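As a plain string of letters, each chain reads:
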Amino acid sequence: MDLAQLAKDLALTERTRLKILRSGFTVSGHKLWTDEEDLICRIFHPDYFAISQVLHARSKKAIQTRCQRLGLAPRRQAWGWSARQKLRRLYPDADRKEICDAFPGVSWDRIQAAARYYGFRRSRKPYKLTGIPALDQLRSRCYAIRWIMRDMDEEAGTGQYFQTRGYKSRYPDFKAIDKGVRALGGHLEVRWDDAKGGHVPPDIPAFQTSLGRLTR
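Just so you know, the residues in each chain are numbered from 1, in the order the chain's sequence is written. Per-residue local features of the predicted model are confined to residues with pLDDT of at least 70, and side-chain atom pairs are confined, for both listing and counting, to 80 or more; whole-chain, interface and lining totals are unaffected and use all residues. Each side-chain value is derived from all of the structure's non-hydrogen atoms; neither hydrogens nor water enter the calculation.

S.K.: Mind laying out helix H7 (residues 108-118), listing which residues take part and the relevant values?
M.R.: For each residue, the accessible area found with a 1.4 Å probe, counting protein chains only, is set against the maximum for its type, and the residue is called buried under 20%, exposed over 50%, and partly exposed in between. Under the scheme used here, helices are H or I runs from DSSP no shorter than 4 residues and strands are E runs no shorter than 2 residues, and both carry numbers assigned from the N terminus. What H7 keeps buried is the set Trp 108, Ile 111, Ala 114 and Ala 115. Along the axis of H7, the buried residues cluster in a sector spanning 125°; they form a single face. Exposed positions of H7 whose direction lies more than 90 degrees from the buried face are Asp 109, Arg 116 and Tyr 117. Buried residues along H7 sit against helix H5 (81-90) and helix H6 (96-102). Gly 119, located one to two residues past H7, shows a positive phi value of around 80°. To be clear, the arc concerns the directions from the helix axis to the C-beta atoms. Note on contacts: a residue pair is in contact if any heavy atoms of the two residues lie within 4.5 Å.

S.K.: Give a description of the packing of aromatic side chains that names residues and reports values.
M.R.: Each aromatic pair joins two rings of Phe, Tyr and Trp (for Trp, the six-membered one) with centres within 6.5 Å, and gets the label stacked for planes under 30 degrees apart, edge-to-face for over 60, and tilted for any other angle. Evaluation of the coordinates by the stated rule reveals six aromatic pairs. When the ring of Trp 79 is compared with that of Phe 103, the centres are 5.1 Å apart and the planes differ by 50°; the resulting orientation is tilted. A residue pair is termed long-range when its members are at least 10 positions apart, and Trp 79 in the loop between helix H4 (60-69) and H5 and Phe 103 in the loop between H6 and H7 qualify at 24 residues. Both residues of the pair, Trp 79 and Phe 103, belong to the buried class. Between Tyr 117 and Tyr 118 the ring centres are 5.0 Å apart and the planes differ by 85°, which places this aromatic pair in the edge-to-face class. Of the aromatic side chains, those joined through ring pairs into one cluster are Tyr 117, Tyr 118 and Phe 120. We call a charge positioned over a ring when the NZ of a Lys or the CZ of an Arg lies within 6 Å of the ring centre and within 35 degrees of the ring normal. Here Arg 58 stacks its cationic end above the ring of Trp 33, 4.1 Å away from the centre of that ring. Positioned above the aromatic ring of Phe 103 is the side chain of Lys 86, whose terminal nitrogen or guanidinium carbon lies 5.3 Å from the ring centre.

S.K.: An account of the confidence of the model for the protein chain is needed here, citing residue identities and associated values.
M.R.: Each residue carries a pLDDT value, the predictor's own confidence for that position, ranging from 0 to 100. Within the protein chain, residue pLDDT values average 81, and 87% of them lie at 70 or more. Here residues 212-216 is modelled with pLDDT under 50, and outside its nearest four sequence neighbours on either side it reaches 19 contacts, counting other chains as well.

S.K.: Any details on H5? Residues and values, ideally.
M.R.: Along H5, the residues classified as buried are Ala 83, Leu 87 and Leu 90. The buried residues of H5 occupy an angular sector of 75° when projected down its axis, which confines them to one face. Opposite the packed face of H5, turned more than 90 degrees from it, sit the exposed residues Trp 81, Ser 82 and Arg 89. Where H5 is buried, its residues contact H6 and H7.

S.K.: Talk me through the nonpolar core; I want residue IDs and the actual numbers.
M.R.: Nonpolar side chains in soluble globular proteins generally cluster together in the buried interior. Grouped together as the largest cluster of nonpolar side chains are 15 residues, with contacts concentrated most on Leu 138, Cys 142, Met 152, Phe 162 and Ile 177. Looking at this core, the elements with two or more residues in it are helix H8 (133-144), helix H9 (149-156), helix H10 (161-164) and helix H11 (174-183). Considering each element in turn, this core owes the most residues, four residues, to H8. Setting aside anything within four residues of it in sequence, one finds Phe 162 in contact with Leu 135, Leu 138, Met 149, Met 152, Asp 153, Ala 176, Ile 177 and Gly 180. Grouped together as the second largest cluster of nonpolar side chains are 14 residues, Trp 79, Ala 83, Tyr 91 and Ala 115 included. Only buried residues count toward a nonpolar core. Its members are Ala, Val, Leu, Ile, Met, Phe, Trp, Tyr and Cys residues joined through side-chain atoms within 4.5 Å.

S.K.: Lay out the packing of H8 against H11 in plain terms, naming residues and giving numbers.
M.R.: Inter-axis angles, ranging from 0 to 180 degrees, are taken between N-to-C directions of lines fitted to C-alpha atoms, where helices are fitted over the stretch in contact. Two elements in contact, H8 and H11, have axes separated by 10 Å at closest approach and are oriented at 35°. Judged by the sense of rotation from one axis to the other, the crossing of H8 with H11 is left-handed. Contact with H8, carried on its side by Ala 134, Leu 135 and Leu 138, involves Phe 174, Ile 177, Gly 180 and Val 181 of H11 and no other residues of that element. We call Asp, Glu, Lys and Arg charged. Ala, Val, Leu, Ile, Met, Phe, Trp, Tyr, Cys and Pro are nonpolar, and the rest, Gly among them, are polar. When grouped by side-chain class, the residues that make up the contact of H8 with H11 number six nonpolar, one polar and no charged. Crossing chirality is assigned from the near helix's rotation relative to the far helix, an anticlockwise turn below a right angle marking it left-handed and a clockwise turn marking it right-handed.

So, in structure tokens, the structure goes:
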């Protein structure tokens, strides 16, 4: 290490600092913040409009940045390479709490906005089971071919059944379900399970579709 050069650099830094203090302006020409201005920020924060009315010589951006440096507002997340890689790894499958814990001080809305900007997407979760085998197989098939329930209604001509009632287990509309199965290229039928040779009462049917066997 060149001690002579280091001493020159330190002396230059000190002269620059003293020059800034004497002139009241930074090297880039920005006016230094005074204690009085900092006090106004502390009194009126988070009302940036009120602060800007008092400190009319300061831009809104400058006021926001100063409040962050004073600890009055959380610092903005810098989405550098490491932060983007962390977001890319966590965003598709991690739960909301885990993602927020990985970026302390950053709201969920801002995390979502950053993910959209960089093209990261949440993984689609399978449709909720209803307990109705025919309906569950239809919904599973839609998930497999990346159909949303609106697509199902449009293709089957069932109005908004699958969008508004198709996820409910009470009072299933088998006529609409049959239309949906047919739209997916399958069919819904009744199959009497008499493999044991006994008579099965007519009130205990078993349904079968070309999407898979269903038991009710």
